[in-house]
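# Residue-level structural notes
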Amino acid sequence: MKFKIALLSGDGIGPEVTEQAVKALHAIGDLHGHTFEFEEAPVGALAIEQTGNPLPDATLEVCKNSDAVLFGAIGDPKYDNNPDAKVRPEQGLLKLRKELGLYTNIRPVKAYPTLIDKSPLKKDIIEGTDMVIYRELTGGIYFGEKKLSEDGTVASDLCEYSEAEIERIAHLAFKAARARKKKVTLVDKANVLESSRLWRRVVTTISKSYEDIDLDFLFVDNAAMQMILNPSQFDVILTENMFGDIISDEGSVIGGSIGLLASASVGDKSAMFEPIHGSYPQATGKDIANPIASILSAAMLLTHLGLHEEAGVVNKAVERALEKQIVTSDLYKESTYGTKSVGDYIAHAIVNIDEETAR
Ligand code: IPM
Ligand code: MN
């Protein structure tokens, strides 16, 4: 089969890590007789430099005309340190999510047995951790009305949700739980926020049509604590946009490196796949960034295209790299492998998965 993939590498280490994901996709394509055709398009700081716009219309068009989007990273210190910047790279990513209707962000968090000693948490705490965060991605405080008083001394951001916005992601979360450990935890702040109380009402109603799934609730402050105290209690975490942003970074600590965490952002028409990490500007061009999150995002892309066996092979190849310690220095300080050589090994392991697994 032939697939069109929009390649939005973005800023910082984005291009270096997506290059490895592209290699992995070509490798699995060769093996299974699929062709992946990549169309590159600018986004973020690069796009601002070229066009003044962090998401040029042409880039959006490329995404809309593709079977999926592979995204690298976004962000540049030049803008982070300038509170007066009118145009920011992040606006490109937010607009992309909104325009493509990517309302559900799926972030798996897993403790790999081979990396159990890499986590700052104790082994017996993280053992068995296998959760997935379903983060609402096109609503809430990220997209509510923003105001700044004329004299610049008062600012506000509105957190707004509608029933419909909650319903569509809730269905996806319950369906995901059905194929997993059959538990959904809604993370909110219903003791304080009206929008959270709406989430509880809507999710409780929907849960009635998923009687095989257990639903429980946690306030976000408690959830932040439970994620570190007892992460293996979780299966599917369902939450709104900003809470999901925060607890997914927290979740990345469990596995030992944020460089391992992949994500899928899906809507009714489009889907985009990206690491949860940022553009890591200090590492740009140094061949030290961990490409695994991008490669695992490519595996999620394969699953989305219905290529389940192929996704399984990519995941297995990544596991082999972890077992053989063919990884970047964020995981093993003494490692001499760089971004490219880890990507090369994983592409090789994909093609030779049987021999690599037997070894
Ligand atoms: C993420 C990032 C983005 C977000 C930023 C870059 C806008 O942190 O994907 O988690 O907050 O959603
Ligand atoms: Mn984030």
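If you're wondering where the values come from, they're calculated on a predicted model, not measured in any experiment. (Residues numbered from 1 in each chain as written. Chains lettered and ligands numbered in written order. Predicted model: local features only at pLDDT ≥ 70, side-chain atom pairs only at ≥ 80, totals over all residues.)

Bringing the UniProt feature "binding site: substrate" (unreviewed entry) in the protein into the picture now. According to UniProt, the "binding site: substrate" (unreviewed entry) feature falls on Arg 97, Arg 107, Arg 135 and Asp 221. These annotated residues cover 125 residues of sequence, and their C-alpha atoms reach 26.7 Å apart at the extreme, placing them across more than a single site. For Arg 97, a count of 21 C-beta atoms within 10 Å gives the class buried. Beyond its immediate stretch of four places on either side in the chain, Arg 97 contacts Leu 102, Leu 137, Thr 138 and Ser 265. The topology assignment puts Arg 135 in strand β5 (residues 130–136). Here Arg 135 is in contact with Asn 105, Arg 107, Thr 239, Asn 241, Gly 244, Asp 245 and Ser 248, once residues within four sequence places are set aside. (UniProt positions renumbered as here; feature names shortened; annotations may be inferred. Buried ≥ 20, exposed ≤ 12 C-beta atoms within 10 Å, placed from the backbone. Contact = placed C-beta atoms within 7 Å. Helix = DSSP H or I, 4+ residues; strand = E, 2+ residues; numbered from the N terminus.)

As a further point, take the packing of helix α12 (residues 308–323) against helix α13 (residues 339–351). Here α12 crosses α13 at 125 degrees, and the two axes come no closer than 9 Å. Relative to α13, α12 is oriented oblique. Crossing of α12 over α13 shows right-handed handedness. Together, Val 313, Val 314, Ala 317, Val 318, Arg 320 and Ala 321 of α12 and Val 342, Tyr 345, Ile 346, Ala 349 and Ile 350 of α13 make up the contact between the two elements. Counted by class, the contact of α12 with α13 contains ten nonpolar, no polar and one charged residues. (Axes fitted to C-alpha atoms, helices over the stretch in contact; angles between N-to-C directions. Parallel < 35°, antiparallel > 145°, perpendicular 65-115°, else oblique. Left-handed = near helix turned anticlockwise from the far one by under 90°. Nonpolar A, V, L, I, M, F, W, Y, C, P; charged D, E, K, R; others polar.)

Turning to the site of ligand 1, a few remarks are in order. Inspection of the region around ligand 1 gives Ile 74, Gly 75, Glu 90, Leu 93, Leu 94, Asp 245 and Ile 276 as its neighbouring residues. Tallying contributions element by element places helix α5 (residues 89–99) first for the shell around ligand 1, with three residues. Tallied by class, the residues present in the shell around ligand 1 amount to four nonpolar, one polar and two charged. (Near = placed C-beta within 6 Å.)

With that settled, consider the domain arrangement of the protein. What the domain assignment lists for the protein is domain 1 (1–100 + 270–359) and domain 2 (104–266). On a C-alpha basis, the centres of domain 1 and domain 2 stand 23 Å from each other. Contacts between the two partners involve 22 residues from domain 1 and, on the opposite side, 22 residues from domain 2. The set of elements that each furnish at least two residues to the side of domain 1 that touches domain 2 consists of α5, β12 (271–275), α11 (292–304) and α12. (Domains from an automatic or database assignment.)

Tracing the backbone shows Ala 271 in strand β12. Judged by C-beta crowding, with 21 C-beta atoms within 10 Å, Ala 271 ranks as buried. For Ala 271 and Lys 110, which are 161 residues apart along the polypeptide, the C-alpha to C-alpha distance reads 22 Å. Contact partners of Ala 271, with chain neighbours within four places excluded, come to Ala 68, Ala 264, Ser 265, Val 266 and His 304.

This part takes up the sheet that holds strand β4 (residues 104–110). Reading across the sheet, the ten strands line up as β2-β1-β3-β12-β11-β4-β5-β10-β8-β9 and stay open at both edges, with mixed pairing between neighbours. Either end of the sheet is taken by a strand with one partner, and the two such strands are β2 (35–40) and β9 (214–219). Mean inter-strand twist for the sheet, computed between neighbouring axes without regard to direction, equals 25 degrees. In terms of strand pairing, strand β1 (residues 2–10) meets strand β3 (residues 68–73) through five bridges, oriented parallel. (Pairing = 2+ DSSP bridges.)

Let us look at the UniProt feature "binding site: Mg(2+)" (unreviewed entry) in the protein. In the numbering used here, UniProt assigns the "binding site: Mg(2+)" (unreviewed entry) feature to Asp 221, Asp 245 and Asp 249. Spanning 29 residues, the annotated positions come together in the fold, the maximum distance between their C-alpha atoms being 14.4 Å. Locating Asp 245 in the fold gives a position in helix α10 (residues 241–254). Within the secondary structure layout, Asp 249 lies in helix α10.

A few words now on the pairing of β12. Extensive coverage of β12 is indicated by the burial of five of its five residues. The two faces of β12 match: Ala 271, Phe 273 and Pro 275 on one face and Met 272 and Glu 274 on the other face are all buried. The pairing of β3 with β12 spans two bridges and is classified as parallel. Within the sheet, the bridge partner assigned to Val 69 lies in β12 and is Met 272. Looking at chain direction, strand β11 (residues 262–266) and β12 are connected through five bridges and run antiparallel. Within β12, the position partnered with Ala 262 by the bridge is Pro 275. Where β11 folds back on β12, the antiparallel hairpin that results is connected by four residues.

So, on to the environment of Ala 45. Here Ala 45 is to be found in helix α2 (residues 45–51). For the pair Ala 45 and Asn 82, spaced 37 residues apart in sequence, the C-alpha separation works out to 14 Å.

On to the confidence of the model for the protein. The predicted model of the protein averages 96 in pLDDT, with 100% of residues at 70 or higher. Interface predicted TM-score (ipTM) for the complex: 0.99; the corresponding pTM is 0.95. (pLDDT = per-residue confidence, 0-100.)

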